[in-house]
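Commentary on secondary and tertiary structure
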Amino acid sequence: MNKFIFVSGGVCSSLGKGVAASSLGALLEGRGLNVRMVKCDPYINVDAGTMSPYQHGEVYVTDDGAETDLDLGNYARFTSGALSRANSITTGQVYESVIRKEREGRYLGRCVQVIPHITDEIKSRILAVAKEDTDTDVVIVEIGGTVGDIESIPFLEAARQLIHESGKINALSVHLTLIPDVAGGELKTKPTQHSVKAMQEQGIQPDVLICRAPIMLDEPTRRKIALFTNVESDAVFSSYDVDTTIYEIPLIFFKQKLDQVVLKKMGVESRHADLDSWSSMMERFAARKGTVRIGIVGKYMDLHDAYKSVYEALFHAGLEGGVAVELVKIDSSRLEEAEAEESLLGIGAPEGRIDGILVPGGFGQRGINGMVKASTWARTNKIPYFGICLGMQIMVIDWGRHVLGWEDADSTEFNHETRHPVISLLEEQVDVTNYGGTMRLGKSESVAEPGTRLFAAYQVRNIFERHRHRYEFSNTYRKEMTESGLRIGALTPDRSLVECVEWPDHPWGLGVQFHPEFKSKPTAASPLFRDFIAAVRDRKQLQG
Ligand code: GLN
């Protein structure tokens, strides 16, 4: 029998529900359980693919090519269960399939309603994840939004029904709330009391409370919360602010015995907890020496979540390379202004110097010339450079313009008229006008050329990483590019598409068409991020 844990949130958003759900997942995995994670998103978009990274943060891509909410990235970094299209449930998908069934006449003339039809669809999707693998023990379902939101009601109602149908021992409600410090040191429990009341109005009595607070809650506060909410006081946990890293949170919950309480409530006999990988990761964190400054040159710089997986992967690489990674966010359109270049890249100012450049993925024309400038600067000054997807295409444009001397070299995404479309659509894509579903999405194979930095990083020739792009390195220019010295690091197995380019005679300049950031973990950094940060660190140490 599968167990279910529903993680909901109250009071306000951004309390770290995704991290709390993931940390609980990590703890249960540490106890030897097979855990699957599911995100329910109340928005009406069918998936996150069409949402602006400005508004909604990064689009996280799974192996099977689903464009999902960035919370799935948290799940992937904290837990090891399979993640696919099935693990992300949105209101848009639910309604889309209910309406499709209605049109097909599959409701046999009945009036189609939120309850039971929408809630049944939600339940069947959650149950499908539980049944996917026979060895799944627990499914943790994170319900997006805040209790009290109109949009979340069908998801909470589906949770209520599943809890009722499975029985308390098989389904728990974990509720996250905020304990604010209003009067300088005085923690207020009232919003939590109201939030639990709102859950009770939905017919759900939370079994476990995780309270986000500036500090660890003391015993009297926990007892007070327990008294008002019908939750046992040993099931009231503190998620206090940490100044280390979010990856310490599983250990913080472990010290408070969150996993023991959850196992006991679910009637699972307690087993040995193996959290070695998490504690040794924290030891590496504490042992880091020195800092490297990485300039991220992109267009969505104001919202940290827009490049979430990239930033996390840099942090993971720092853990493995024994250095702290400072992120210097550089808006590429500002780099287009001539005067800004020196100050933004810290040229000439040792304390403000950028030690490495990373150009992440992106769409649209704005800021492209600033990115090309960053590539030229890194290439000619022998500063380590890592290009991801668009960042690789930028390397090719830079090479076309400045090594081959084709001033108008460009991607046809940005310039249709160019005489040197070094990045372009594949022939068969040229006529496609519909934007949905025309991208290369999800896991595919690249074959690394021996002797390249790419091969050195992965130590195997067959590499499986995820894609999300429409444009490709144009094969028309493959010969001129390579003859002038640009090295091709990898091709697709049929050798038709370029997957990686490298700068030879350079400390570390590499671009990949895929997105290695999605598979990086705090306990095992992505090989390319690891080698990039190692190259940056070594070069910095050499220079003193
Ligand atoms: N805009 C580019 C393309 O579609 C790059 C996409 C990306 O960086 N994810 O090919």
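Look up a bit, the structure's there.
Residues numbered from 1 in each chain as written. Predicted model: local features only at pLDDT ≥ 70, side-chain atom pairs only at ≥ 80, totals over all residues. Heavy atoms only, no water.

Across its full length, the chain carries 19 helices and 21 strands. Over its C-alpha atoms the chain spans a radius of gyration of 25 Å, differing by no more than 12% from the 24 Å that the globule rule assigns to 544 residues. Dimensions of the chain, computed from the C-alpha atoms along their principal axes, are close to 75 × 60 × 40 Å. Residues classed as buried in the chain amount to 58% of the 544 residues present. (Helix = DSSP H or I, 4+ residues; strand = E, 2+ residues; numbered from the N terminus. Rg over C-alpha atoms; globule rule 2.2 N^0.38 Å. Buried < 20%, exposed > 50% of the residue type's maximum accessible area, 1.4 Å probe, protein only.)

Most of strand E7 (residues 171-178) sits inside the fold, with 7 of its 8 residues counted as buried. With 6 bridges joining them, strand E1 (residues 3-9) and E7 adopt parallel strand pairing. Looking at E7, one finds that Gly9 is bridged to Leu176. Read from E7 through helix H7 (residues 190-201) to strand E8 (residues 208-213), the crossover connection turns out right-handed. (Pairing = 2+ DSSP bridges. Right-handed = clockwise from strand over helix to strand, strands pointing away.)

A word on unusual backbone geometry. In this structure, Pro116 follows Ile115 across a cis peptide bond, with omega equal to 15°. Considering the arrangement of structural elements, one finds Pro116 in helix H5 (residues 114-132). Backbone geometry at Val11 places phi at a positive 75°, although glycine is not the residue there. Along the chain, Val11 falls in the loop between E1 and helix H1 (17-30). Of the residues examined, Val11 reaches a relative accessible area of 37% and is grouped as partly exposed. One non-glycine residue, Lys257, lies in positive phi territory at about 70°.

Bringing the packing of aromatic side chains into the picture now. Using the criterion set out here, one finds 14 aromatic pairs in the structure. With centroids separated by 5.2 Å and ring planes inclined at 40°, the aromatic side chains of Phe78 and Tyr247 adopt a geometry described as tilted. With a gap of 169 residues between them, Phe78 in helix H3 (residues 71-78) and Tyr247 in the loop between strand E9 (236-240) and helix H9 (249-255) connect regions that are remote in the sequence. With relative accessibility at 3%, the residue Phe78 sits in the buried group. A relative accessible area of 1% places Tyr247 in the buried class. Aromatic side chains Tyr300 and Tyr307 sit 5.8 Å apart centroid to centroid with 40° between the ring planes, which places their arrangement in the tilted category. Pairwise contacts between aromatic rings join Phe78, Tyr247, Trp278, Phe285 and Phe315 into one cluster. (Phe/Tyr/Trp six-rings, centres within 6.5 Å; stacked < 30°, edge-to-face > 60°.)

With the rule as written, the count across this model stands at 34 salt bridges. Lys39 is paired through a salt bridge with Asp71; the nearest N and O atoms lie 2.7 Å apart. Remark: Asp71 occurs in helix H3 and Lys39 occurs in strand E2 (residues 35-41); sequence separation between them is 32 residues. A relative accessible area of 4% places Lys39 in the buried class. Between Glu157 and Arg160 there is a salt bridge, with its nearest N and O atoms 2.9 Å apart. One end of the pair is Glu157 and the other is Arg160, both in helix H6 (residues 153-166) and 3 residues apart, which spans about a single turn. Its relative accessible area of 12% is what places Glu157 among the buried residues. The partly exposed category is assigned to Arg160, whose relative accessible area is 28%. (Salt bridge = Lys/Arg side-chain N within 4 Å of Asp/Glu carboxyl O.)

Taken together, the 3 strands give an open sheet; going across it, the order is E14-E15-E18, and neighbouring strands pair in mixed fashion. Where the open sheet ends on each side, the last strands, each with one partner, are strand E14 (410-411) and strand E18 (472-473). As paired elements, E14 and strand E15 (residues 421-424) share 2 bridges and run parallel to each other. Bridge assignment links Ser411 to a residue of E15, and that residue is Ile423. Sitting on the sheet, helix H16 (residues 390-403) touches E14, E15 and E18, and the angle it makes with E15 is about 165°. (Contact = heavy atoms within 4.5 Å. Axes fitted to C-alpha atoms, helices over the stretch in contact; angles between N-to-C directions.)

Looking now at the site of the ligand. What surrounds the ligand is the set Gly361, Gly362, Phe363, Cys389, Leu390, Gln393, Glu413, Arg468, His469, Arg470, Tyr471 and His515. Glu413 places a side-chain nitrogen or oxygen 2.6 Å from a nitrogen atom of the ligand. Within the backbone of Arg468, an N or O atom sits 2.8 Å from a nitrogen atom of the ligand. Protein burial of the ligand: of its 300 Å² of free accessible surface, 99% is covered by the chains. At the level of secondary structure, the elements contributing two or more residues to the shell around the ligand comprise H16 and strand E17 (462-469). The class makeup of the residues in the shell around the ligand is 4 nonpolar, 5 polar and 3 charged. (Near = heavy atom within 4 Å. Polar contact = N/O pair within 3.5 Å; in protein donor to acceptor, adjacent residues only side chain to side chain. Areas by Shrake-Rupley, 256 points an atom, 1.4 Å probe, with all protein chains shown as cover. Nonpolar A, V, L, I, M, F, W, Y, C, P; charged D, E, K, R; others polar.)

A few words on the side chain of Ser332. Position of Ser332 relative to the elements: it lies in helix H13 (residues 332-335). A polar contact is formed between the side chain of Ser332 and the backbone oxygen of Gly367, at a distance of 3.3 Å. Residue contacts for Ser332: discarding those within four places in its chain leaves Val297, Gly298, Lys299, Arg366, Gly367, Gly370 and Met371.

Spatially, the 7 strands line up as an open sheet ordered E5-E2-E6-E1-E7-E8-E9, and their pairing is parallel. The open sheet has two edge strands with one neighbour each: strand E5 (88-90) and E9. Between one strand and the next, the sheet's axes are offset by a mean angle of 20°, whatever the strand orientation. In the packing of helix H4 (residues 91-103) onto the sheet, contacts are made with E2 and E5, and the angle to E5 comes to roughly 70°.

Turning to the pairing of strand E16 (residues 440-448), a few remarks are in order. Where E16 and E17 come together, 8 bridges link them in antiparallel fashion. By the bridge assignment, Ser446 is partnered in E17 with Ile463. Judged from the 2 bridges that link them, E16 and strand E19 (residues 487-491) form a sheet pairing that is antiparallel. Looking across to E19, one finds that Val447 is bridged to Leu491.

Right, let's talk about a nonpolar patch on the surface for a bit. Residues Tyr95, Ile99, Val114 and Ile115 make up a contiguous nonpolar surface patch of roughly 340 Å² in combined accessible area. When residues of the nonpolar patch are traced back to their parent elements, those giving at least two are H4 and H5. By secondary structure assignment, the location of Ile115 is in helix H5. Among the residues examined, Ile115 registers a relative accessible area of 47% and is labelled partly exposed. (Patch = residues over 30% accessible without salt bridge, like charges linked within 9 Å, V, L, I, M, F, W, Y side chains within 5 Å.)

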